[in-house]
Amino acid sequence: MADPGAHRSDSPVDVPVTVTDVRDVRRAVKAAALGNAMEWFDFGIYSYLAATLGQVFFPSGNPTVQLLSSFATFAVAFLVRPVGGLVFGPLGDRIGRKKVLALTMIMMAAGTCAIGLIPSYATIGFWAPVLLVFFRLVQGFSTGGEYGGASTFIAEYAPDRRRGYFGSFLEFGTLSGYIGAAGLVTALRTGLGAQAVEAWGWRVPFLVAGPLGLVGLYLRLRLDETPAFRRLAPETVTATAKGDLGRIFRGYWRTLILCVALVGAYNITDYMLLSYMPAYLSDELGYSDTHGLLVLLGVMACLLLVINRVGTLSDRFGRKPLLMTGMLGFFFLALPSFLLIAQGSVPAIAAGMLMLGLSLVCLLGTMSATLPALFPTNVRYGALSIGYNVAVSVFGGTTPLAITALIALTGTDLLPAYYAMGAALVGVVAVALTRETAGLPLPGSPPSVSTEAEAEAVRQSRRRGGEF
């Protein structure tokens, strides 16, 4: 049966070539990116309301203890992300990417919406934080299958020479989710005031997740399965179903370690800037909550304007140069950035955060095309979900909690800079060990191109024994 949205040009003497339909690629990108935007909208609103949630759900009168309790609950969701990756990833390699991504969307929306309905500690006491932790676990479990599936989905639809460009829309969704969360929280604080936000306004962003989830689910259910997955022979999928986890750990453990190192390095820097920074400005530097979010909104808007250009640059010059630029940027610029931020003026804070943001966007705009190319098609969803979520669980989600605790322990406001520099150093080594994949077919899949003319060029090149 021919692939809907793509067709194959096969002959007995030619290597199969997938010719993609740009309309189907755009639909796939839109559905995957919207889900990613919703994921980070969910996590963003929790981060930006961390201090308020600490007051609502935790009884201690000590603001630092309440903030630590709130960030600990934030980190709890990341403990089950690897479990979600172990369940949803191999399942996506067995039954298809589309079905699993629809399921994760439903669970994510339900978990987030439910948090907005939990009574406060003053109303139901001990059960308030218990329910908060439970629904954070639901969020974390569902998210375990989200990034690996969404990045796999886009990578398997995109033509080889434009995988960086289309992959960058996944992190465009990340920034859009954060901007939506920061914008909504800022609007609520400005329009309602602190007392109303603490009393009931904090619930609004969580309840918004319900309708957003329905829209995302609709878009995902309208998609066809990826051409790469449909090309897998039935016996290959069956073999994966029988021994998927063992096969991944035995056959790809070295690549899994590399994936964990890459993801860990970039997630520490990601969560430090996009999740932790507003709390750092308000709780460590005494800056206004609203002003801190407004500065972060401006920085994220700047990153949103350039992220797709970074993806295009990675298609032209390679993934490794862009990734190395981002890692070295954090290593050399983290300390100057935090020294600027510590000055306390709006221009200094904006300049420091923008320096960090430009380093981060080199990673965001490139990683979504880099990671799926580490693994072959028959284990891609599972292996990427496992490696990604182990790294996020151990390093990313714990970043706000770890930095807050270490600042309280050491008394130095520059600790986030040293934390980022350590992560970047690990990232530099990981990038150096990563194979360049720009413009190449995904492992286990034939070449994917945009036009019949490109397909013919591939076939001619293969006949001559050359590379495309």
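Residues numbered from 1 in each chain as written. Predicted model: local features only at pLDDT ≥ 70, side-chain atom pairs only at ≥ 80, totals over all residues. Heavy atoms only, no water.

**A short note on the overall build of the protein chain**
Working step 1: Regarding its fold elements, the protein chain presents 21 helices and three strands.
Working step 2: Its C-alpha atoms give the protein chain a radius of gyration of 22 Å, within 12% of the compact-globule value 23 Å for 468 residues.
Working step 3: Here the C-alpha coordinates of the protein chain stretch approximately 75 × 45 × 40 Å along the principal axes.
Working step 4: Residue burial in the protein chain is summarised as follows: out of 468 residues, 57% are buried.
Working step 5: Taking all contacts inside the protein chain whose residues are at least 6 apart in sequence as the whole, residues at least 24 apart take part in 83%.
Working step 6: A total accessible area of about 17100 Å² is found for the protein chain, and carbon and sulfur atoms account for 68% of it.
Working step 7: Positive and negative side-chain charges in the protein chain, numbering 34 and 28 respectively, have mean positions lying 5 Å apart. (Helix = DSSP H or I, 4+ residues; strand = E, 2+ residues; numbered from the N terminus. Rg over C-alpha atoms; globule rule 2.2 N^0.38 Å. Buried < 20%, exposed > 50% of the residue type's maximum accessible area, 1.4 Å probe, protein only. Contact = heavy atoms within 4.5 Å. Areas by Shrake-Rupley, 256 points an atom, 1.4 Å probe, with all protein chains shown as cover. Lys, Arg positive; Asp, Glu negative; His and termini not counted. Charge placed at Lys NZ, Arg CZ, Asp CG, Glu CD.)

**Looking at the nonpolar core**
Working step 1: M353 and L371 are the most contacted members of the largest nonpolar core, which has 101 residues in total.
Working step 2: Sort the elements by how many residues they give to this core and helix 14 (residues 253-284) lands first, with 17 residues.
Working step 3: Leaving out residues up to four positions away in the same chain, L371 has contacts with Y147, C259, L262, V263, L384 and Y388.
Working step 4: Residues A28, V100, L219 and Y381 belong to the second largest nonpolar core, which totals 10 residues. (Core = buried A, V, L, I, M, F, W, Y, C linked by side-chain atoms within 4.5 Å.)

**Brief notes about the environment of Q343**
Working step 1: The residue Q343 is located in the loop between helix 16 (319-341) and helix 17 (346-370) in this model.
Working step 2: A distance of 3.2 Å separates a polar side-chain atom of Q343 from the backbone oxygen of L339. (Polar contact = N/O pair within 3.5 Å; in protein donor to acceptor, adjacent residues only side chain to side chain.)

**Describing the side chain of R380**
Working step 1: Within the secondary structure, R380 sits in helix 18 (residues 380-396).
Working step 2: With a relative accessible area of 0%, R380 lands in the buried category.
Working step 3: Residue contacts for R380: discarding those within four places in its chain leaves D93, R97, T152, E156, P372, F375, L442, P443 and S445.

**Brief notes about helix 20 (residues 415-433)**
Working step 1: An ideal rise of 1.5 Å per residue puts 27 Å on 19 residues; helix 20 measures up with 28 Å between its terminal C-alpha atoms.
Working step 2: Those residues of helix 20 not exposed but buried are L415, P416, A417, A420, A423, A424, G427, V428, A430 and V431.
Working step 3: Buried-residue contacts for helix 20 involve helix 14, helix 16 and helix 19 (399-410). (Expected span 1.5 Å × (residues − 1).)

**Side note on the pattern of salt bridges**
Working step 1: Counted according to the given criterion, the structure contains six salt bridges.
Working step 2: Residue R97 pairs with E156 through a salt bridge whose shortest N-O separation is 2.7 Å. Residue R97 is found in helix 5 (residues 97-115), and its partner E156 is found in helix 8 (residues 146-157); the two are separated by 59 residues along the sequence. The same class applies to R97 and to E156, which are both buried.
Working step 3: Within this structure, D93, R97, E156 and R380 form a network of salt bridges that share partners. (Salt bridge = Lys/Arg side-chain N within 4 Å of Asp/Glu carboxyl O.)

**Here's the deal with the packing of helix 8 against helix 18**
Working step 1: One way to put it is that helix 8 packs onto helix 18 with a least axis distance of 8 Å and a crossing angle of 135 degrees. Considering their axes alone, helix 8 and helix 18 lie oblique with respect to each other. Crossing handedness for the pair helix 8 and helix 18: right-handed. Of helix 18, the residues touching helix 8 (which contributes Y147, G148, G149, S151, T152 and E156) are R380, Y381, L384, S385 and Y388.
Working step 2: Of the residues in the contact of helix 8 with helix 18, the class split is four nonpolar, five polar and two charged. (Axes fitted to C-alpha atoms, helices over the stretch in contact; angles between N-to-C directions. Parallel < 35°, antiparallel > 145°, perpendicular 65-115°, else oblique. Left-handed = near helix turned anticlockwise from the far one by under 90°. Nonpolar A, V, L, I, M, F, W, Y, C, P; charged D, E, K, R; others polar.)

**Here's the deal with the confidence of the model for the protein chain**
Working step 1: Mean pLDDT over the protein chain: 83, with 91% of residues reaching 70 or higher.
Working step 2: Model confidence for the protein chain, summarised as mean pLDDT per element, is weakest for strand 1 (residues 6-8) at 42 and strongest for helix 16 at 95.
Working step 3: For the stretch residues 1-13, pLDDT sits under 50, and the model shows 30 contacts to residues farther than four places along the chain or on other chains. (pLDDT = per-residue confidence, 0-100.)

**Quick look at a nonpolar patch on the surface**
Working step 1: Nonpolar side chains collect at one region of the surface, where V83, L86, V87, L245 and F249 lie side by side and expose about 370 Å² of accessible area between them.
Working step 2: Sorting the residues of the nonpolar patch by element identifies helix 4 (81-95) and helix 13 (234-251) as the ones contributing at least two each.
Working step 3: For the nonpolar patch, the leading source of residues is helix 4, giving three residues.
Working step 4: Note that V83 resides in helix 4. (Patch = residues over 30% accessible without salt bridge, like charges linked within 9 Å, V, L, I, M, F, W, Y side chains within 5 Å.)

**Notes on helix 14**
Working step 1: An ideal rise of 1.5 Å per residue puts 46 Å on 32 residues; helix 14 reaches only 40 Å between its terminal C-alpha atoms.
Working step 2: Of all bends in helix 14, the biggest is about 65 degrees, found at Y276, and the proline P278 comes one to four residues later.
Working step 3: Counting buried positions over the 32 residues of helix 14 gives 25, a clear majority of the element. (Bend = angle between axes of the 7 residues up to and from the residue.)

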